[in-house]
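Each chain, written out:
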Number of protein chains: 2
Amino acid sequence: MDFQNQLRIEQKIVNDYLNRMMDIKEAPKSIVDGMSYSLLAGGKRIRPVLANAICKALGGDSEEILPFACSIECIHTYSLIHDDLPSMDNDDYRRGKLTNHRVFGEAHAILAGDGLLNLAFETMIETVKKYNYKPKFIMAMEEICRASGVRGMIGGQIIDIESEGKKIEIETLYKMHEKKTGALIEASCIAGCVISERFEMIDIVKDYSKNLGIAFQIVDDILDYTGTLEKLGKNVGVDAANKKSTFVSLLGLEESQKLAEQYTENALKRAEYIDKSGFITSLTQYLLNRES
Amino acid sequence: MDFQNQLRIEQKIVNDYLNRMMDIKEAPKSIVDGMSYSLLAGGKRIRPVLANAICKALGGDSEEILPFACSIECIHTYSLIHDDLPSMDNDDYRRGKLTNHRVFGEAHAILAGDGLLNLAFETMIETVKKYNYKPKFIMAMEEICRASGVRGMIGGQIIDIESEGKKIEIETLYKMHEKKTGALIEASCIAGCVISERFEMIDIVKDYSKNLGIAFQIVDDILDYTGTLEKLGKNVGVDAANKKSTFVSLLGLEESQKLAEQYTENALKRAEYIDKSGFITSLTQYLLNRES
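First, a word on scope: everything that follows refers to the structure included in this document.

Analysis parameters
Residues numbered from 1 in each chain as written. Chains lettered and ligands numbered in written order. Predicted model: local features only at pLDDT ≥ 70, side-chain atom pairs only at ≥ 80, totals over all residues. Heavy atoms only, no water. Patch = residues over 30% accessible without salt bridge, like charges linked within 9 Å, V, L, I, M, F, W, Y side chains within 5 Å. Areas by Shrake-Rupley, 256 points an atom, 1.4 Å probe, with all protein chains shown as cover. Salt bridge = Lys/Arg side-chain N within 4 Å of Asp/Glu carboxyl O. Helix = DSSP H or I, 4+ residues; strand = E, 2+ residues; numbered from the N terminus. Buried < 20%, exposed > 50% of the residue type's maximum accessible area, 1.4 Å probe, protein only. Contact = heavy atoms within 4.5 Å. Buried area = accessible area lost by both parts, 1.4 Å probe. Polar contact = N/O pair within 3.5 Å; in protein donor to acceptor, adjacent residues only side chain to side chain. Nonpolar A, V, L, I, M, F, W, Y, C, P; charged D, E, K, R; others polar. Phe/Tyr/Trp six-rings, centres within 6.5 Å; stacked < 30°, edge-to-face > 60°. Lys NZ or Arg CZ within 6 Å of the ring centre and 35° of its normal. Expected span 1.5 Å × (residues − 1). Arc of directions from axis to C-beta. Least-squares fit on C-alpha atoms with pLDDT ≥ 70 in both. Disulfide = S-S within 2.5 Å. Axes fitted to C-alpha atoms, helices over the stretch in contact; angles between N-to-C directions. Parallel < 35°, antiparallel > 145°, perpendicular 65-115°, else oblique. Left-handed = near helix turned anticlockwise from the far one by under 90°.

A word on a nonpolar patch on the surface
Residues and elements named next belong to chain A.
1) Next: Together, Tyr93, Leu98, Val103 and Leu229 make up a nonpolar patch on the protein surface, roughly 290 Å² of accessible area in all.
2) Next: Relative to the assigned elements, Tyr93 resides in strand 1 (residues 93-94).
3) Next: Residue classification places Tyr93 among the partly exposed positions, given a relative accessible area of 31%.

Have a look at this one:
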């Protein structure tokens, strides 16, 4: 099967599960609607697809990893809803649609974000229980939880807002992205590895995900500079408008492209060891060459 | 020992642990400062004190329950930070100090709230691991997680903001408080019971906490009507200013006081069975008669 078809199948598996997650009884309809609006708005589903792919490539059970993979997508989506708020990036478009607060108002958007973070943990804890409290499931949840907290993603977001309007050092930019984007991408890959029980592969999976995470972010910065609202589904030039330092603003477009290729190369070397089928290799290349 | 002294000791145990929780390395100092500002601002620590008291009264280990009790306080505090935001209740004072967003700005306040919710789960997962993945710890975490989500606390907050400016039915008011305040108080008590492994006591503990939760909220409404900023540490008359329905606005002051006494009576009957030492009985009476 060609890569694009395979990717669509993997995304569909994720989307179907996310749909089931949003079938929430006993909660006010308006909050479920608000959460669904952003969670089911599409998107590339990179993190859950990665978690599933690594777990399967290492011989793990795809049913076991799926709830964790989709919980990560909930966490990612909550962070986007909060990032887009007027007091943060003040964005109007996301995934080709109006941002959550632009449709539901700020109060509902904040609560929809809170609800998605909480739902991620509800889902993971239910899964731990379903599989009889087996430690590997708690280990996967621990990795994800640590990555999404103030030592990880939230910490990165703080560095981001505090760097606005300042010219920061390239080291700070790396650190910010390592936390803000890298931590959750890394946790996705580690969760896949942990659920597969191939613990001897943890270091190479970490190495893969660290390189992929940086490449991913550099490409993101390039797309914000060169892309269009039509292709990206979100406003472009936002970084420049918000006076944010990016790889492009600090290193220039050409150097950034070279750097993205270099980190992708590093990731590809590890991908070969992790996945003989070639899917993760193709996914890694696809992320470098994406247009949105 | 008299009740007030004992309560102070219990509060100190909680505060000491919360202080240790906020000793976070590897996170930007500003976010840790923002979280600490609200988490360590004092407050009655009702929820963690209740969790600890019930666990101990039922013969449980106080070291085992403490991390869960304090994680509940983190969740409670995050909900206050988000509730106080300009797009929600737009409050200026909380626990006798300026609200989080008034000191740190909205963006930081939103992230401090997110960080506290995440920290609660980080702490609980670490504790699960520390005690070798024993199921009761995951069960306690599950109760807390469900109570704080859209089926519980967040759902109640949605009903609250959607009821603003409307005259709601008394049934809706009950449902709102059952979720917004009641769910987490109930989870505190259930967590204490679960960690004590006295599973046969679950129903009576639930009954106790349900009655206590309602009494607690009615008293809260009364204090918002009769209290002062000085005593409460937060602005009073906020409910009326925000055109919120309360027990006082729907039933009048006298009827509300009677109702609070009645629910407290119900709770007291259960408290006797749970705690022979009398501490929970005194705590229940104290919550009815509090002035803040």
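Remarks on the environment of Gly59 of chain B
Residue and element names in this part refer to chain B.
1) Next: As for its position among the elements, Gly59 is in the loop between helix 3 (46-57) and helix 4 (62-83).
2) Next: Under the relative-accessibility criterion, Gly59 is labelled exposed at 62%.
3) Next: In sequence terms Gly59 and Lys231 are 172 residues apart; their C-alpha atoms lie 36 Å from each other.

Notes on the interface of chain B and chain A
When the parts come together, some accessible area is lost, and that loss is often what is quoted as the size of the interface.
1) Next: Contacts between the two partners involve 48 residues from chain B and, on the opposite side, 47 residues from chain A.
2) Next: The junction of chain B with chain A conceals about 4,500 Å² of combined surface from both sides, 68% of it contributed by carbon and sulfur atoms.
3) Next: Together, Tyr133, Val150 and Arg151 of chain B form the three largest contributors to the area buried by chain B at its contact with chain A, with a combined 14%.
4) Next: At the boundary of chain B and chain A, one finds 6 salt bridges.
5) Next: Residues Arg151 of chain A and Glu122 of chain B are paired through a salt bridge, measuring 2.6 Å at the closest nitrogen-oxygen approach.
6) Next: For the interface between chain B and chain A, the tally reads 18 residue pairs in polar contact (both at pLDDT 80 or more).
7) Next: Breaking the side of chain B that touches chain A down by element, the ones donating at least two residues are helix 2 (29-39), helix 4, helix 6 (106-130), helix 7 (135-148) and helix 8 (153-163) of chain B.
8) Next: Across the side of chain B that touches chain A, the residue classes tally to 26 nonpolar, 10 polar and 12 charged.

Some points on the side chain of Thr181 of chain A
Residue and element names in this part refer to chain A.
1) Next: Along the chain, Thr181 falls in helix 9 (residues 170-196).
2) Next: Given the relative accessible area of 9%, Thr181 is considered buried.
3) Next: Residues in contact with Thr181, not counting those within four places in the same chain, are Arg47, Phe216 and Gln217.

Let's talk about the packing of aromatic side chains
All names here are of chain A.
1) Next: Enumeration over the complete set of coordinates arrives at 15 aromatic pairs over all chains.
2) Next: With 5.6 Å between their ring centres and 55° between their planes, Phe3 and Tyr286 make a pair best called tilted. With Phe3 in helix 1 (residues 3-21) and Tyr286 in helix 15 (residues 279-289), this residue pair connects regions lying 283 residues apart in the sequence.
3) Next: You can call Phe3 buried: its relative accessible area is 16%.
4) Next: Joined through ring pairs, the aromatic side chains of Phe3, Phe279 and Tyr286 make up one cluster.
5) Next: Across from the ring centre of Tyr37, 3.9 Å away, lies the NZ or CZ of Lys97, which sits over that ring.

Observations concerning the environment of Thr284 of chain A
Residue and element names in this part refer to chain A.
1) Next: Looking at the secondary structure, you find Thr284 in helix 15.
2) Next: Using a relative accessible area of 1% as the deciding quantity, one classes Thr284 as buried.
3) Next: The spacing of Thr284 and Leu268 is 16 residues in sequence and 6.8 Å in space, taken between C-alpha atoms.
4) Next: Each residue touching Thr284, except ones within four places of it in the same chain, is listed here: Tyr208, Leu212, Thr264, Ala267, Leu268 and Ala271.

Section: the pattern of salt bridges
Residues and elements named next belong to chain A.
1) Next: Applying the stated criterion across every chain, the model contains 46 salt bridges over all chains.
2) Next: Between Arg45 and Glu73 there is a salt bridge, and its shortest N-O distance comes to 2.9 Å. Here Glu73 lies in helix 4 (residues 62-83) and Arg45 lies in the loop between helix 2 (29-39) and helix 3 (46-57), a separation of 28 residues in the sequence. Of the two residues, Arg45 and Glu73, neither departs from the other in class, the shared state being buried.
3) Next: Each of Asp83, Asp89, Asp160, Glu164, Lys180 and Lys244 takes part in one network of salt bridges that share partners.

A few points about helix 1 (residues 3-21) of chain B
Residue and element names in this part refer to chain B.
1) Next: When the terminal C-alpha atoms of helix 1 are compared, their 27 Å separation across 19 residues agrees well with the 27 Å that a helix rising 1.5 Å per residue should span.
2) Next: Taken as a whole, helix 1 has its buried residues at Phe3, Leu7, Glu10, Gln11, Val14, Tyr17, Leu18 and Met21. Seen along its axis, helix 1 keeps its buried residues to an arc of 120°; they face one direction.
3) Next: At its buried positions, helix 1 is contacted by helix 2, helix 3, helix 4, helix 6 and helix 15 (279-289).

Examining the relation of the copies chain B and chain A
1) Next: For the match of chain B to chain A, the screw axis carries a shift of 0.0 Å, the RMSD comes to 0.0 Å, and the turn is 180°. As the rotation angle and translation indicate, the two copies are arranged about a two-fold axis.
2) Next: Comparing interface residues between copies, 98% of those in chain B also lie at the interface in chain A; the contact surface is shared.

Some words on the side chain of Arg95 of chain A
Residues and elements named next belong to chain A.
1) Next: Counting through the fold element by element, Arg95 comes out in the loop between strand 1 and strand 2 (97-98).
2) Next: Polar side-chain contacts of Arg95 include one of 3.3 Å to the backbone oxygen of Ser38.
3) Next: Look past the residues within four positions of Arg95 in its chain and what remains in contact with it is Ser38, Leu39, Ala41, Gly42, Gly43, Arg45, Glu73, His76, Thr77, Leu80 and Gly233.

Describing the state of the cysteines
Residue and element names in this part refer to chain A.
1) Next: A full pass over the atoms with the stated rule returns 0 disulfides over all chains.
2) Next: Cys55 takes part in no disulfide bond, and the closest cysteine sulfur to it belongs to Cys193, at a distance of 8.9 Å.
3) Next: For Cys55, a relative accessible area of 0% gives the class buried.
4) Next: A disulfide-free cysteine, Cys189 has its sulfur positioned 9.4 Å from the sulfur of Cys193, the nearest such atom.

Overview of the packing of helix 4 of chain B against helix 6 of chain B
Residues and elements named next belong to chain B.
1) Next: Where helix 4 meets helix 6, the axes come as close as 8 Å, and the angle between the chain directions of the two elements is 165°. Judged by the inter-axis angle, helix 4 sits roughly antiparallel to helix 6. Relative to helix 6, the crossing made by helix 4 is left-handed.
2) Next: In terms of residue class, the contact of helix 4 with helix 6 is built from 14 nonpolar, 6 polar and 4 charged.

Notes on unusual backbone geometry
1) Next: Residue Asn90 of chain A is not a glycine yet carries a positive backbone phi of 50°.
2) Next: As for its position among the elements, Asn90 of chain A is in the loop between helix 4 and strand 1.
3) Next: Phi at Arg45 of chain B takes a positive value of approximately 60°, unusual for a residue other than glycine.
4) Next: Judged by its relative accessible area of 2%, Arg45 of chain B is buried.

Worth remembering: the numbers are spatial, not functional.
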